[in-house]
Amino acid sequence: MSTATLSRTLEDALGVSPVSMRPLSGGCIGEVYRVFLPEDNPFDRPSVVIKFDPGPSASLDIEGHMLKTLKSRSDLPVPEVFHSTEQLLVMEWLPGRSTFSMKAQEHAAELMASLHQVRGNCYGLESDTLIGGIHQPNTPNDSWLNFFREERIMHMARYAHQDGDISTDLLKRLEKFCDRIDEWLEEPQYPALLHGDAWTTNILAEGDRITGFIDPAIYYGHPEIELAFTTLFGTFGDPFFRRYHEINPIADGFFELRRDLYNLYPLLVHVRIFGSSYAADVDSTLRRIGC
């Protein structure tokens, strides 16, 4: 879509015409821009971020709902949502880059530890959400292991198999892992609120402070699945984990095995989004435990 057309769309929806727009990277859904506004505007700030998706299956309202939920239920710094429909999301612009000093990692640990202290009544959420633009079911469950088995591993695995991105043999091995899941994983103390997609490009920092978490995939679950995802692509290192452990102790065995088992979920998400190249990592993890 041309910037002129998008400008008219914004003016119709928000009652204000942009001064200029600058494309931004990031996100798996729609087009993303930083929009500079005239001095007299209803948001009382010089710029906002917009996401626009003109497609027939647009679902930016779900992202808006997730950000509002994090804002209302936690102290995690997330952008304020000003306008949210299926096709258009307008939110606060947050400064920062996805590079983290030692102090910024420690600050991230404090923020994430605080988030994980927000308790829910069950695992899942009152509504389904999205991760990387694909459906993420959140049917409430009193058991974390049952939730992780059905709503996370097997949900993504079945669709990946249906799409031809994992083999029938790998699907059966994932089923075997799920049948024996309590041999390696345990129920947590309580359902904790999770950002759900906390990796490098979804976290912003300025200097030694974290300025925002964006693009969430929220639900209530085990904090270890969130911690595991931060290790999958090297988002955080020792400064983060030392500080997190001081606040919310991490049980023995997490780094040795459980983080790899929990990372089966984001790996399957990546299989669905990017194709079968990530299936080899799923295979490798299952071989470690004899599945």
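What you see is a predicted model; the values in this text were computed from it and never measured.

Participant: It is not clear to me how the nonpolar core should be interpreted in this structure. Could you clarify?
Facilitator: Across soluble globular proteins, nonpolar side chains show a tendency to be buried alongside one another. With 75 residues, the main nonpolar core has Phe 148, Ile 153 and Phe 177 as its most contacted residues. In terms of residue count, helix α4 (residues 144–162) provides more of this core than any other element does, nine residues in total. What Phe 148 contacts, discounting residues up to four positions off in sequence, is Ile 153, Phe 177, Ile 181, Leu 185, Ile 225, Leu 261, Tyr 262 and Tyr 265. Leu 6, Tyr 33, Leu 37 and Phe 43 belong to the second largest nonpolar core, which has 14 residues in total.

Participant: Would you mind going over the sheet that holds strand β3 (residues 47–52) with me for this structure?
Facilitator: Strand pairing in a sheet takes place through backbone hydrogen bonds and is either antiparallel or parallel in direction. Spatially, five strands are ordered β1-β2-β3-β5-β4 in an open sheet, and the strand pairing comes out antiparallel. Only two strands of the sheet have a single neighbouring strand rather than two, namely β1 (20–23) and β4 (81–84). Strand-to-strand twist in this sheet, taken as the mean axis angle between neighbours without regard to direction, amounts to 20°. In this sheet, β3 lies alongside strand β2 (residues 31–36) in antiparallel orientation, the contact comprising six bridges. Each residue of the ladder has a partner; that of Val 32, found in β3, is Lys 51.

Participant: For this particular structure, what's the right way to read the side chain of His 107?
Facilitator: When you line up the elements, His 107 lands in helix α3 (residues 102–115). You can call His 107 buried: its relative accessible area is 9%. Dropping the residues within four chain positions of it, His 107 is found in contact with Asp 208, Arg 209 and Ile 210.

Procedures and definitions
- Residues numbered from 1 in each chain as written.
- Predicted model: local features only at pLDDT ≥ 70, side-chain atom pairs only at ≥ 80, totals over all residues.
- Heavy atoms only, no water.
- Core = buried A, V, L, I, M, F, W, Y, C linked by side-chain atoms within 4.5 Å.
- Buried < 20%, exposed > 50% of the residue type's maximum accessible area, 1.4 Å probe, protein only.
- Helix = DSSP H or I, 4+ residues; strand = E, 2+ residues; numbered from the N terminus.
- Contact = heavy atoms within 4.5 Å.
- Pairing = 2+ DSSP bridges.
- Axes fitted to C-alpha atoms, helices over the stretch in contact; angles between N-to-C directions.

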